[in-house]
Amino acid sequence: MRSTKMLPRIGLIVFIFFQIVASNPLFAKGKQTIKIAYLTQMQKARPVLSNLDPIIENKGVLGAELAIEDNNTTGQYTKQQFTLERFIVPVEGNVTDTFNKKIAKKYAYVVTNLPPELTNTVADLAEAKDVLLFDVATVDDALRNKECRANALHLLPSRAMRADALAQYMMKKRWTKWFLVIGAAAEDKLYAEALKRAAKRFGMNIVQEKTWEHSFDARRTAQSDVAVFTQIDDDYDVLVVADEQGQFGEYLDYRTWIPRPVIGTQGLVATSWHKTHEQWGATQIQNRFKEKAGRWMEEQDYGAYLAVRAIGEAATRTQSNELKPIKDYLLSDQFALQGYKGTPLSFRPWDNQLRQPVLLAAPRSLVAVAPIEGFLHPKTELDTLGYDQPETECQWSKGK
Amino acid sequence: MNKWAISLLLSVLTASVQAEVVFVTLEKDNALALVDPVDGKLIKTVEIGQRPRGIAISPDYKVLYIATSDDNTIKMVDTETLKEIGVLPSGDDPETFALNPKGDRLYVSNEDDSRVTVIDIAMKKAIKQIQVGVEPEGITVSPDNRWIISASETTNMLHWIDAKTNNIVENTLVDPRPRAVTFTADSKFAWATSEMAGSLMIVDAKTKQVTKRIGFEIQGVTKDKIQPVGVVIDKESKRAYVALGPANRVAVINAQTYEVEKYLLVGQRVWNLAFSPDQKRLYTTNGVSNDISIIDLNSQTVTKSIAVGNYPWGVAVKP
């Protein structure tokens, strides 16, 4: 259905595009070009719990492509052209080499979809000094605090922002007694740290904390295992799980010893984007993305979309393609990015984190959007999520 | 029956026929609500089609145009019988549209396709599709029928379409996520709201430049809650009214000095606005609190709020 419909439409768009080019007095000679690089490395596929969700290999890049189209629609009228060059490093390849040889000195704006350590490795390269990185993959609080870099902006909400969003919701529901279940991966411990920080901030009580150990004993099944595992001495209101890779978290719901909701990385999750989100014009971008990609938009796609749109917005407003005015604008009070979440998004100048609402979603319904009503802040309620200015440990010594 | 009784009966009948009616589209109820604004009562609710949003009334007040977004049509409804009398080909997912002053052309924003569809109402045909910026939303026709302005939310522009040729001749870059746009009665200025910057811009129709920017400040409401959406200006260009979305207020602006005179507390997520035909009252749709507010413009006070149904979206008024 879609493909048969697309062809004449593309024809029409091309035709109309030339009409606009021919008829629009603004669209003429002397175009400014804004070159954006997209840098990622293929990752080895991790084991998955089930085959329900297809493995998506191109998370991120399609969001950047959609944003380039949007930027160029605006660019037609403002004499600016945006280009996106993709650099996809193979699993065994060397990201630093690719950056030094192909990106450095050629691109001022680089969207990075890389693991945390590699993100900072790139940020610390001598050649990255005059580059602004748009990190669309990491959620690490370290990269926004002690390990922050002045030349890297973070588009996705940090673990602390997510944990605070969950805590606000649990506080509203008066689910104050948490049973915290943590996976064995290093990332799970980081998420658990963020949850503990949130519990402290919002006066929640972690009645017990347990680590889920993976074992290969064939006599044990999720059905019996979870019931035994969740049989703890203290009563609790909610099971809070930290299992970022989804190694066991999906087993918890409906199998706990006493009936309790599951929240965290499974059950009710905190995320920057979700397929159930349709408010504030989100339906439009969900439709546009699906038409382009043939799948739902993932968090990295959303991050990359916002990154490229942020560059577009700053370039349009400053009428420039140069790094300094664009970076200054991005970090200024004037910058207001439309992100389909009902409130303008902007960067926190103290840690380069994009301030944004966090969605709390169940698999098939959007449950709430944090900041939850009632959590107040003198400047913007968005800063009730994550590390606020007085709490930041970020010092801009690196990446300048 | 004596003559006296008959004339009384007649006068009662005509009074009930002539009473002002406010029509409100209910996005989530697939329905249209009819409200008597003088008595302050919901008269009735009728089914109208899938996801009704944009609504307009013909200059002779005989026909309602209602965008039923999920039916991908604009329906023509008789204002007396409330029966469907025709369907216009609106393109995909119509939301907002504008009627020209004569009432023979309709301009529809097709948000997903980044275009504006021009419909000839007599022929019930789309006569042109104009490519505009990404996610066009607000649309208006100048009272002198010279310009159509389409505001694109993601491109952040007002596209000036010549009503004679249906071509874009100029573009004005405005603050992020422009939502609604309307002209002053003399067609000299366009007023446009920006949802994300929380501002109102006044654009000179001659130069197509923003000549004035108005910001809003409300005590106890954070800046990011102030999201201007609908805007209307009275016939004398004395005052303009701006719906401020989740700030739950309507701003009253002196249209001569551009001063914000007052904020009126209305329902939650106030969205679209419409004057009564005599411009004595202003009606607001409040998307989250599921009601409409009635503002008495003489005293500049909110006199009533009336529960109408789920997600009241658009509003049109018949005298």
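Worth saying up front: this structure is predicted, and the values here are computed from it rather than measured. (Residues numbered from 1 in each chain as written. Chains lettered and ligands numbered in written order. Predicted model: local features only at pLDDT ≥ 70, side-chain atom pairs only at ≥ 80, totals over all residues. Heavy atoms only, no water.)

Caption draft 1: Structural context of the overall build of chain B. Assigned secondary structure in chain B consists of one helix and 28 strands. Against the 2.2 N^0.38 benchmark of 20 Å for 319 residues, chain B shows a C-alpha radius of gyration of 19 Å, consistent with a compact globule. Overall, the C-alpha framework of chain B stretches about 70 × 50 × 35 Å when taken along its three principal axes. For chain B, the proportion of its 319 residues judged to be buried stands at 61%. Long-range pairs, those at least 24 residues apart, make up 40% of the contacts in chain B with a sequence separation of at least 6. Within the structure as shown, chain B displays about 12,600 Å² of accessible surface, and the carbon and sulfur contribution to it stands at 49%. When the 36 basic and 39 acidic side-chain charges of chain B are each reduced to a single mean position, those positions are 4 Å apart. (Helix = DSSP H or I, 4+ residues; strand = E, 2+ residues; numbered from the N terminus. Rg over C-alpha atoms; globule rule 2.2 N^0.38 Å. Buried < 20%, exposed > 50% of the residue type's maximum accessible area, 1.4 Å probe, protein only. Contact = heavy atoms within 4.5 Å. Areas by Shrake-Rupley, 256 points an atom, 1.4 Å probe, with all protein chains shown as cover. Lys, Arg positive; Asp, Glu negative; His and termini not counted. Charge placed at Lys NZ, Arg CZ, Asp CG, Glu CD.)

Caption draft 2: Expanded view of the overall build of chain A. The helix and strand inventory of chain A stands at 10 helices and 14 strands. Across the 400 residues of chain A, 54% fall into the buried class. A sequence separation of at least 24 residues applies to 70% of the contacts in chain A between residues at least 6 apart. As presented, chain A carries roughly 18,100 Å² of accessible surface, and 52% of it is formed by carbon and sulfur atoms.

Caption draft 3: Main features of the state of the cysteines. Residue and element names in this part refer to chain A. Counted by the stated rule, this structure contains one disulfide over all chains. Two residues, C148 and C394, share a disulfide whose sulfurs are 2.1 Å apart. Between C148 and C394, the S-S torsion sits near 85 degrees, and that sign places the bridge as right-handed. Highlighted residues: C148 in the loop between β4 (132-135) and β5 (152-154) and C394 in the segment after β14 (365-370), separated in sequence by 246 residues. (Disulfide = S-S within 2.5 Å.)

Caption draft 4: Structural view of the pairing of strand β21 (residues 239-243) of chain B. Residues and elements named next belong to chain B. For β21, the buried fraction is high: four of the five residues fall into the buried class. Across three bridges, the pairing between strand β20 (residues 231-233) and β21 is antiparallel. Within β21, the residue paired with V231 across the bridge is V242. Bridging between β21 and strand β22 (residues 249-254) involves five bridges; their strand directions are antiparallel. If you follow A240 over to β22, its bridge partner there is I253. Here β21 hands over to β22 after five residues, with G245 in that stretch at a positive phi of 55 degrees. (Pairing = 2+ DSSP bridges.)

Caption draft 5: Examining the interface of chain A and chain B more closely. Across the contact, 39 residues belong to chain A and 31 residues belong to chain B. A per-residue breakdown of the area chain A buries against chain B is headed by Y77, Q284 and R317 of chain A, which together make up 19% of the total. Seen at the junction of chain A and chain B, the total is two salt bridges. For the salt bridge of K225 of chain B with E381 of chain A, the shortest nitrogen-to-oxygen distance reads 2.9 Å. (Buried area = accessible area lost by both parts, 1.4 Å probe. Salt bridge = Lys/Arg side-chain N within 4 Å of Asp/Glu carboxyl O.)

Caption draft 6: Main features of the sheet that holds strand β1 (residues 32-41) of chain A. Residues and elements named next belong to chain A. On the basis of which strands lie adjacent, the open sheet formed by five strands has the order β2-β1-β3-β4-β5 and parallel pairing. Pairing within the sheet leaves two strands with one partner each, and these edge strands are β2 (80-89) and β5. Each adjacent strand pair in this sheet contributes to an overall mean axis angle of 25 degrees, direction not counted. In terms of strand pairing, β1 meets strand β3 (residues 109-113) through five bridges, oriented parallel. Residue pairing across strands places A37 opposite V110, the latter belonging to β3. (Axes fitted to C-alpha atoms, helices over the stretch in contact; angles between N-to-C directions.)

Caption draft 7: Quick peek at the pairing of strand β8 (residues 94-99) of chain B. Residues and elements named next belong to chain B. Within β8, six of the six residues are buried, which leaves the element mostly enclosed by the surrounding structure. As paired elements, β8 and strand β9 (residues 105-110) share four bridges and run antiparallel to each other. By the bridge assignment for β9, P94 is matched with N110. Here β8 folds back onto β9, and the loop between the two strands holds five residues, one of which, G103, carries a positive phi near 85 degrees.

Caption draft 8: Structural view of the sheet that holds strand β23 (residues 260-265) of chain B. All names here are of chain B. Judged by pairing direction, the sheet is antiparallel, and its four strands sit side by side in the order β20-β21-β22-β23 without closing on themselves. Taken across any chain shown, the strands that pair with only one partner, and hence form the sheet edges, are β20 and β23. Sheet twist, expressed as the mean angle between neighbouring strand axes with direction ignored, is 20 degrees.

Caption draft 9: Region of interest: the domain arrangement of chain A. Residue and element names in this part refer to chain A. We note that the domain assignment places domain 1 (30-157 + 274-356) and domain 2 (160-271) within chain A. Each of domain 1 and domain 2 has a C-alpha centre, and the two are 31 Å apart. Carbon and sulfur atoms supply 51% of the area that domain 1 and domain 2 bury against each other, a total of about 1,200 Å² over both sides. Area buried by domain 1 at its contact with domain 2 is led by R46, L49 and P157, which between them contribute 46% of it. Of the charged contacts, one joins E299 and R162 as a salt bridge, the two residues approaching to 3.0 Å between their closest N and O atoms. Taken together, the residues of the side of domain 1 that touches domain 2 sort by class into six nonpolar, three polar and five charged. (Domains from an automatic or database assignment. Nonpolar A, V, L, I, M, F, W, Y, C, P; charged D, E, K, R; others polar.)

Caption draft 10: Region of interest: the nonpolar core. Residues and elements named next belong to chain A. Of all hydrophobic cores here, the largest spans 42 residues; its most connected members are I36, V111, F134, L155, L306 and L330. Mapped by element, the contributors of at least two residues to this core are β1, α2 (61-78), β2, β3, β4, α8 (282-293), α9 (299-318) and α10 (323-330). The biggest single contributor to this core is α9, with 10 residues. Ignoring anything within four residues of it in the chain, the contact list for L155 reads F134, D135, V136, G303, L306, A307, F347, L354 and Q356. (Core = buried A, V, L, I, M, F, W, Y, C linked by side-chain atoms within 4.5 Å.)

Caption draft 11: Looking closely at the environment of V108 of chain B. Residues and elements named next belong to chain B. Positionally, V108 belongs in strand β9. V108 sits 11 residues away from F97 along the chain, and the two C-alpha atoms are 4.2 Å apart. When neighbours within four sequence positions are excluded, V108 is seen to be in contact with I74, S90, P94, T96, F97, R115, V116, T117, I119 and I139.

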